[in-house]
Amino acid sequence: MAQDRVEAVERALTILDVFDAPQERFTLADLASATGFYKSTLLRLLGSLERYDYVQRGSDGRYQLGHSPVRLARRHPPGRQLAAWIQPALDALAEHSGETAALLEVAAGRAECLLVAMPGVALRHELRPGEHWLLGDPRSPALDFAGGIMVCQALDTVLESRALWLSLSGPAGRLQPPEAAARLIAAVGDLTRSPASRQAAAPEAR
């Protein structure tokens, strides 16, 4: 209701909504154009958002999302059916390959990690649910990171309504792409044949 509205909060949320886009970094002019707010208003609101790490301001003056939205996103994992279906496969991939296994979703030109299983070794790819990145290649959500490699296999034949992928990632000198690809293809095949795939594909009751 109108009496429950807090204008400053709504303006801050309007700013955060701008970051829900393929573009990751915005100038003050970009934000002013997208929100219709005066730059002086934006600076005050951005100052508060920056203090709570909802946005970060780079040395070039451009703004990007901070760590707080990702931290909060981790509190909302995928649906129970999807997690119950996929997580055991990720655990098995991580155990047998010795690398980080993850479930990724692609939407709006970027990939996001939904679920992850990490091996019990010190040298590994530290990937967390809620992390996201822009797609470097429209054909694959593989993350390009220093010293490492990620191999991905699509699950779109299983869940056509969502662009989901399995991935294995780890140190470039240890992870062998052909072996990783074979493991992922086998995992996708097992998941496709699993009766749980039909339950995960069905909408959950709310």
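Computed from a predicted model, the values in this text were never measured in an experiment.

Participant: Requested: an account of the overall build of the chain, with residues and values cited.
Facilitator: Of the regular secondary structure elements, the chain holds 7 helices and 7 strands. Each helix and strand of the chain, placed in order from N terminus to C terminus, yields the pattern α-α-α-β-β-α-α-β-β-β-β-β-α-α. When the accessible surface of the chain is split by element, carbon and sulfur atoms take 53% of a total near 12,000 Å².

Participant: I'd like to hear about unusual backbone geometry, residue by residue, with values.
Facilitator: The phi torsion at D53 lies on the positive side, around 60°, for a residue other than glycine. One can find D53 in the loop between α3 (39-51) and β1 (55-57).

Participant: Let's hear about the packing of aromatic side chains: which residues, and what values?
Facilitator: Tallied over the entire structure, the rule returns 1 aromatic pair. Judged by centre distance (5.1 Å) and plane angle (80°), the ring pair of F19 and F26 falls under edge-to-face. Neither F19 nor F26 differs from the other in exposure class; each is buried. For R11, the ring lying beneath its charged end belongs to F37, and the centroid distance is 5.5 Å.

Participant: Tell me about the environment of Y63, residues and numbers included.
Facilitator: On the secondary structure map, Y63 appears in strand β2 (residues 63-65). A polar contact is formed between the side chain of Y63 and the side chain of R57, at a distance of 3.4 Å.

Participant: So what's going on with the pattern of salt bridges? Residues and values would help.
Facilitator: Applying the stated criterion across every chain, the model contains 10 salt bridges. Put simply, E7 and R11 hold a salt bridge, and the shortest N to O gap is 2.8 Å. Taken together, the positions of E7 and R11, both in helix α1 (residues 7-18) and 4 residues apart, correspond to about one turn of that helix. Judged by its relative accessible area of 29%, R11 falls in the partly exposed class.

Participant: Please give an account of the packing of α1 against α3 that cites residues and values.
Facilitator: To describe two helices that pack against each other, one gives the angle between their axes and the distance between the axes. Contact pair α1 / α3: the axes reach a minimum separation of 10 Å and the direction vectors enclose 85°. Relative to α3, α1 is oriented roughly perpendicular. Only T41, L42, L45, L46 and L49 of α3 make contact with α1, whose side of the interface consists of A8, R11, A12, I15 and L16. Of the residues contributing to the contact of α1 with α3, the split by class is 8 nonpolar, 1 polar and 1 charged.

Participant: Tell me about the sheet that holds strand β5 (residues 132-134), residues and numbers included.
Facilitator: Reading across from one edge, β5-β4-β3-β7-β6 is the order of the 5 strands in this open sheet, with antiparallel pairing throughout. At either margin of the open sheet sits one strand with a lone partner, and together these are β5 and β6 (148-154). When the angles between neighbouring strand axes are averaged without regard to direction, this sheet yields 30°. Summarising the sheet, β6 and strand β7 (residues 164-171) pair through 7 bridges and their orientation is antiparallel. The residue of β7 that forms the bridge with V151 is L168. Contacts between helix α5 (residues 80-97) and the sheet are confined to β3 (100-107), β4 (110-117) and β7, with β4 contributing the most and set at about 75° to the helix. On top of the sheet, helix α6 (residues 177-193) reaches β6 and β7; it is set at about 30° to β6, its chief contact.

Participant: Account for the environment of L114, naming residues and giving values.
Facilitator: Tracing the backbone through its elements, the reader meets L114 in strand β4. Distance from L114 to E131, taken between C-alpha atoms, is 8.2 Å for residues 17 residues apart in sequence.

Rules of the game
- Residues numbered from 1 in each chain as written.
- Predicted model: local features only at pLDDT ≥ 70, side-chain atom pairs only at ≥ 80, totals over all residues.
- Heavy atoms only, no water.
- Helix = DSSP H or I, 4+ residues; strand = E, 2+ residues; numbered from the N terminus.
- Areas by Shrake-Rupley, 256 points an atom, 1.4 Å probe, with all protein chains shown as cover.
- Phe/Tyr/Trp six-rings, centres within 6.5 Å; stacked < 30°, edge-to-face > 60°.
- Buried < 20%, exposed > 50% of the residue type's maximum accessible area, 1.4 Å probe, protein only.
- Lys NZ or Arg CZ within 6 Å of the ring centre and 35° of its normal.
- Polar contact = N/O pair within 3.5 Å; in protein donor to acceptor, adjacent residues only side chain to side chain.
- Salt bridge = Lys/Arg side-chain N within 4 Å of Asp/Glu carboxyl O.
- Axes fitted to C-alpha atoms, helices over the stretch in contact; angles between N-to-C directions.
- Parallel < 35°, antiparallel > 145°, perpendicular 65-115°, else oblique.
- Contact = heavy atoms within 4.5 Å.
- Nonpolar A, V, L, I, M, F, W, Y, C, P; charged D, E, K, R; others polar.
- Pairing = 2+ DSSP bridges.

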